[in-house]
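# Examining the three-dimensional arrangement
What follows is each chain in one-letter form.
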Amino acid sequence: MTILRFQNCLSLLLLLGVLVVPARAEIGEPIEFIRVEGTQRVEEETVLAYMLVREGLTDEADLVDRSVKTLFSSGLFADVTIRREDKGLIVTVVENPIVNRVSFEGNSAISDENLSKEGILSARQIYTRAKVQDDVERQIELYRRSGRFAVRIEPKVIQLPQNRVDLIFEISEGPTTGIRAINFLGNRAFSDDELREVIFTRESRWWRLFSANDNYDPDRVAYDGELLRQHYLSKGFADFRVVSSNAELTRDGEAFFINFVLDEGEEFNFGEARISTSLDTLDIVRLEEQIVHQTGELYDRRAVDKTIDALTKVVGESGYAFANIRPAPRPNREARVVDVEYTIEEGPRVYVERININGNSRTRDDVIRRELRLAEGDAFNKVLLSRSERNVRGLNFFSGVEVTETPGSEEDQTIVDVNVREMPTGELSFGVGYSSAEDFTTQLALSERNFLGRGQRVRFNVALSNQVQRYNIGFTEPYFLGRDVSAGFSLFNTQTEYDFQQDLTVEERGIGFSLGFPLSEDGRLSLFANFVNDELIDTPNLGTSSDRSYNLDKQEFGYYYSIDKRDDFVNPTDGWNVSFGQDIAGPSGDVSYLRTRASANFFEEIAEGWVLHLRGTMGIINDYKGGSIRYSDRFFRGGRDFRGFERGGVGPREVFLNSNGEETYGSSLGANRYFIGTTQVSLPIGTSKESGIRANLFVDFGLLGETDELSSTPCTTNPPGSCEVIEDEMAFRATTGLSFAWSSPFGPVRFDFAEPLAKEDYDETRFFRFTIGTSF
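Per an unreviewed UniProt entry, the recorded name for the protein is Outer membrane protein assembly factor BamA, and the organism is PS1 clade bacterium.

### Considerations on the overall build of the protein
Regarding its fold elements, the protein presents 11 helices and 34 strands. Going through the 776 residues of the protein one by one, you find that 41% of them count as buried. Contacts spanning at least 24 positions in sequence make up 58% of the contacts within the protein whose residues lie at least 6 apart.

### Concerning helix α5 (residues 129-145)
Over its 17 residues, α5 extends 25 Å from the first C-alpha to the last, a length consistent with the 24 Å expected when each residue adds 1.5 Å. Here α5 has its buried residues at Val132, Asp135, Val136, Gln139, Leu142 and Tyr143. With its buried residues spanning 125° around the axis, α5 presents them on a single face. Buried residues belonging to α5 abut β4 (98-105), α4 (112-118), β5 (152-160) and β6 (164-172).

### Some points on the pattern of salt bridges
Counted by the stated rule, this structure contains 48 salt bridges. Across the pair glutamate 266 and arginine 336 runs a salt bridge, and its minimum N-O distance is 3.2 Å. A residue pair is termed long-range when its members are at least 10 positions apart, and glutamate 266 in the loop between β9 (255-263) and β10 (269-277) and arginine 336 in the loop between β11 (323-332) and β12 (337-346) qualify at 70 residues. Accessibility expressed as a relative area gives 41% for arginine 336, which makes it partly exposed. Residues joined by salt bridges that share partners form a network here, namely Glu508, Asp534, Lys554, Glu556, Asp583, Arg595, Arg597 and Asp633.

### Notes on the packing of helix α9 (residues 301-317) against helix α11 (residues 382-394)
Relative to each other, α9 and α11 sit at 120°, their axes nearing to 9 Å. Considering the angle they form, α9 stands oblique to α11. Facing α9, whose interface residues are Asp309, Thr312 and Lys313, α11 presents Lys382, Val383 and Arg387. Across the contact of α9 with α11, the residue classes break down as 1 nonpolar, 1 polar and 4 charged.

### What about the packing of aromatic side chains?
Within the structure shown, the criterion is met by 19 aromatic pairs. Between tyrosine 232 and phenylalanine 240, the ring centres sit 4.1 Å apart and the planes meet at 5°, which makes this aromatic pair stacked. Overall, the relative accessible area of 0% leaves tyrosine 232 in the buried class. Here the aromatic residues Phe190, Tyr232, Phe237 and Phe240 are joined through ring pairs into a cluster of three or more. Across the ring face of tyrosine 674, the terminal group of arginine 637 is positioned such that the distance to the ring centre comes to 4.4 Å.

### Let's talk about a nonpolar patch on the surface
Taken together, the side chains of Leu428, Leu446, Phe460, Ile473, Phe489, Leu491, Phe513, Phe531, Phe557, Ile584, Leu594 and Tyr624 define a hydrophobic patch exposed on the protein surface, amounting to about 990 Å² of accessible area. Along the chain, the position of phenylalanine 489 falls in strand β20 (residues 486-499).

### Observations concerning the side chain of asparagine 107
Along the polypeptide, asparagine 107 turns up in the loop between β4 and α4. Residue asparagine 107 is classed as buried on the basis of its relative accessible area, which comes to 17%. For asparagine 107, the side chain forms a polar contact with the main-chain oxygen of isoleucine 110, separated by 2.9 Å. For asparagine 107, the side chain forms a polar contact with the side chain of aspartate 112, separated by 2.7 Å. Filtering out sequence-adjacent residues up to four positions away, asparagine 107 remains in contact with Asp112, Leu115, Tyr143, Ile171 and Glu173.

### Brief notes about the side chain of aspartate 752
Tracing the sequence through the fold places aspartate 752 in strand β33 (residues 747-758). Reaching out from aspartate 752, the side chain makes a polar contact with the side chain of serine 739 at a distance of 2.7 Å. Within the structure, aspartate 752 has its side chain in polar contact with the side chain of arginine 750 (distance 3.3 Å). Non-local contacts of aspartate 752, meaning those with residues more than four positions away in its chain, are made with Leu738, Ser739, Phe767, Phe768 and Arg769.

### Notes on the confidence of the model for the protein
Put simply, the protein has an average pLDDT of 82, and 85% of its residues get 70 or more. Considering only residues more than four positions removed or in separate chains, one finds that residues 714-720, a stretch of pLDDT under 50, has 9 contacts.

### Quick notes on the environment of glutamate 477
Summarising the element assignment, glutamate 477 is placed in strand β19 (residues 468-477). Relative accessible area serves as the criterion here: at 14%, glutamate 477 is assigned to the buried category. Taking C-alpha positions, glutamate 477 is 5.3 Å from alanine 487, a pair spaced 10 residues apart along the chain. Dropping the residues within four chain positions of it, glutamate 477 is found in contact with Arg370, Gln456, Val485, Ser486 and Ala487. One polar contact links glutamate 477 to glutamine 456, side chain to side chain, over a distance of 2.6 Å. In this structure the side chain of glutamate 477 is engaged in a polar contact, spanning 3.0 Å, whose partner is the backbone nitrogen of tyrosine 479.

### Things to note about the sheet that holds β5
A sheet is described by the order of its strands in space; here 3 strands give the open sequence β4-β6-β5, paired in mixed fashion. Of all the strands in the sheet, just β4 and β5 have a single pairing partner and so form its edges. Neighbour-to-neighbour, the strand axes of the sheet open up by a mean angle of 20°, direction not taken into account. Direction of pairing for β4 relative to β6: parallel, over a ladder of 7 bridges. Bridge pairing in β6 places glutamate 105 opposite glutamate 170.

How each quantity is defined
- Residues numbered from 1 in each chain as written.
- Predicted model: local features only at pLDDT ≥ 70, side-chain atom pairs only at ≥ 80, totals over all residues.
- Heavy atoms only, no water.
- Helix = DSSP H or I, 4+ residues; strand = E, 2+ residues; numbered from the N terminus.
- Buried < 20%, exposed > 50% of the residue type's maximum accessible area, 1.4 Å probe, protein only.
- Contact = heavy atoms within 4.5 Å.
- Expected span 1.5 Å × (residues − 1).
- Arc of directions from axis to C-beta.
- Salt bridge = Lys/Arg side-chain N within 4 Å of Asp/Glu carboxyl O.
- Axes fitted to C-alpha atoms, helices over the stretch in contact; angles between N-to-C directions.
- Parallel < 35°, antiparallel > 145°, perpendicular 65-115°, else oblique.
- Nonpolar A, V, L, I, M, F, W, Y, C, P; charged D, E, K, R; others polar.
- Phe/Tyr/Trp six-rings, centres within 6.5 Å; stacked < 30°, edge-to-face > 60°.
- Lys NZ or Arg CZ within 6 Å of the ring centre and 35° of its normal.
- Patch = residues over 30% accessible without salt bridge, like charges linked within 9 Å, V, L, I, M, F, W, Y side chains within 5 Å.
- Areas by Shrake-Rupley, 256 points an atom, 1.4 Å probe, with all protein chains shown as cover.
- Polar contact = N/O pair within 3.5 Å; in protein donor to acceptor, adjacent residues only side chain to side chain.
- pLDDT = per-residue confidence, 0-100.
- Pairing = 2+ DSSP bridges.

Here's what the structure looks like:
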C-alpha cells in the first residue's frame, strides 16, 4: 500500500514538471526595438526614460505594466498603451494639453489674484483632471475660511488648437455664512458675554458690516480656544481646559452655532517661588528679585512669563546667552496654591535658521526685517526677539503683529515667523471744533506713513480754519542709504491769525531739513535746520495798538534727543519716554534766540483696563544777544496741548480799557516759558473692546507767561481815557474733562469735553472739540 502511494506521488510530480517547463520557455523573447507614437511636444527620449523595459530585455508582463503606470504618473499623458508588434514594442501616448489661460467668473468676494495664489494650475502648465480637482478643493477651502460655505465652483475646459485649453472656473459664491450664536458650557466664574469679549470670533450683527470676524473660520475657532486658556490662566484657574469646541450649521445653511465646552477647575493663588540652577556664577539673590509674583497673589500665568523674560535678560547680561529657563508650576489642590520653581540651565546653542515674513501684502520685506534685532545665522535670543516684535509693532503699519518660533531643520536651529496684518497707513482727516471764541473751525490733512510699502513718510497738510491756513509738504526716508538714519525735508507756508479784533497775522514760509540716528537701543538723536522767512502783519483796529509788523529771515539749527522705554509705541500700558531738544536762531539771520523744550511720559496699568498716564512738558526761550523775542517765536499753548483752552488762548494778552473802565481783550501775545502737566486715566466704560471706544478722564494744569511785550498805548491817547494793558501773570491754570476716542470703521473719531478749574479772566476757553478722519 505504501509503495502504491509513493508511485502515485511520483507520477503527479512528473506530470507537473511536464506542464511547468514548457510554460516558462514561452516567456522571454528579447525586445529588438521600441517605437513611440503620438508625441507632439514631449521628446521620444523622455518617454523611453520613464519606461522600465529596454531594448534587449525580455518582454515580461510585469515590466510592461509598471512602465504604463510610470508614464501615467508623470502627468504628461492622458492615455498610454503598449502593444507587441513583431519583435518589438509600440508605445502609443496621448499627451495632456497645455493650459493657455486660467480665468475666474462670478467671483467678487475674493479677487482673481488671491484665487490664483491658491491654485496649482497656471498658464503654460500641463493640464490634468487631478490638478483641476485639487484647485477646486483649494478654492472652496479659501472661500470657507472667509465664511462662505455655500460656494459652488465648476471648472470648464475650452479646447484650443495645438492641444491647448482655456480653463475657466465658474463660481457661485453664495451668501456669507455668519455666526448666529456663541455658546459656552461649564463656565461659572465668567459670564458668556465676558468670554465672548476674550475670543476673536464674533456673533453676526448688523453693525459689524466691516468686520470679518463674524464669519465661521475653523482656524480662528481653534485659536479662540487658546485665547480662552490664556484668559483663565491669567485669572487663577491653573487647571482650566477646553474640553471641546464645535460648530453646528443651521438648517437653513446661513449661519453657525459655535459651542465651547469648558472645565474651569478651581481658583489658585501663587505659593512659594524658588530658583534652582547649576550655574555657580549667577547671583541667586539678584535672580530672585526678578520674580514679579508674590505668595498669596492670584495665580496669573502672565506673571510667570514676565518673570521668565526678566530672568532671561539678567542671565544673558551675566554671559549666558543660551541659558534655558524652565518654569515648573506645581499645583497643590488641597491648599489651592501653585508653587513655581524656575530652573536655569546652560542650554544648547541655538541659531536662527530662517526668518519668515508673513501677511505683508503691501509692506516690503526689507522694511520689516530692518526693525528686527535678529538676523538669519545669529544666535537666538528671546530678549532680542521681544524687542523685534515691539519695533515692528511700533511702525504702526499693521493692525496685528505676532512673532513666533518653531524648531528648525536641525536641533540647534530655530525658525522665526513674523506674522503681520496690514492696515491702512494713509490718512485723510477732517476736523471740526467748537470754541467760545471762534464757534466752529475745520481742517483737512492728507498723509501717508508707508509710501509704496517702503516705510517712507509723505505728508501734504492743508489746515484751513478761521485762525490758521497751513500748507505743508514733507518727505522722510527712515533708512537713508540703507542705514538706520532718517533723512527728510519739508516745504511749508503757515498763516496764523491770532486774534480777529486786532487782525494780527503771522506768516511763515520756508524749507527744513532733518537727520536722525540711534545712539542706543531706545535712544535717538535728531538734527535739523530750518530756513524761514517770518512776517508779522499787524493791522491796528481800535486806534489803540502800535504797528508791530516785521519781515525777517530766520535760520534755525537744533537737535532733539529722545529715549523710549514704552512697552508699545501705539497703545502703551507700561513704561516711559523722555525727550529734550534745543534750537538756536542765528547767527547770520535777523533773529537770535536759544529755545529749550522737554517732555516726559509715564504709563502704568493700575488695574485691568485702567491705564495711568502722567505727562509733563516745558519750554523756555531767551535771546542770547539780550534782545526781545519776536511774536511768532513765542510759545502759544491751548487746544490739544492744554485742553479746555483755545489755541493760544491761555497766557499773556492785550487788554484795552475804555474811559468807562470796560475791558476789551485783544491779541494773545505768547509766552517765553511754560510748564504744563497732565494726569490722565484710561478707564473702561462697559463697551466691548471690539467697539474701539476708549474713555480718558484727565486733568491738565500748568504755568505760562513772561512775555517781552510792553504796553504801547498810554492811557492819555485818543480816544480820551483809553489805554492798553499787558496782562502777563505767571498764574496757575487747570482744567478737567473727559475724552472719548473711537476707532470707527470710517476712521478715528475723537470727542473732548473740558472745563477750566483755574484760569484768568482774559483767557479764552474751549469746552468741546470734535475731530474725525478716515484712512486709506
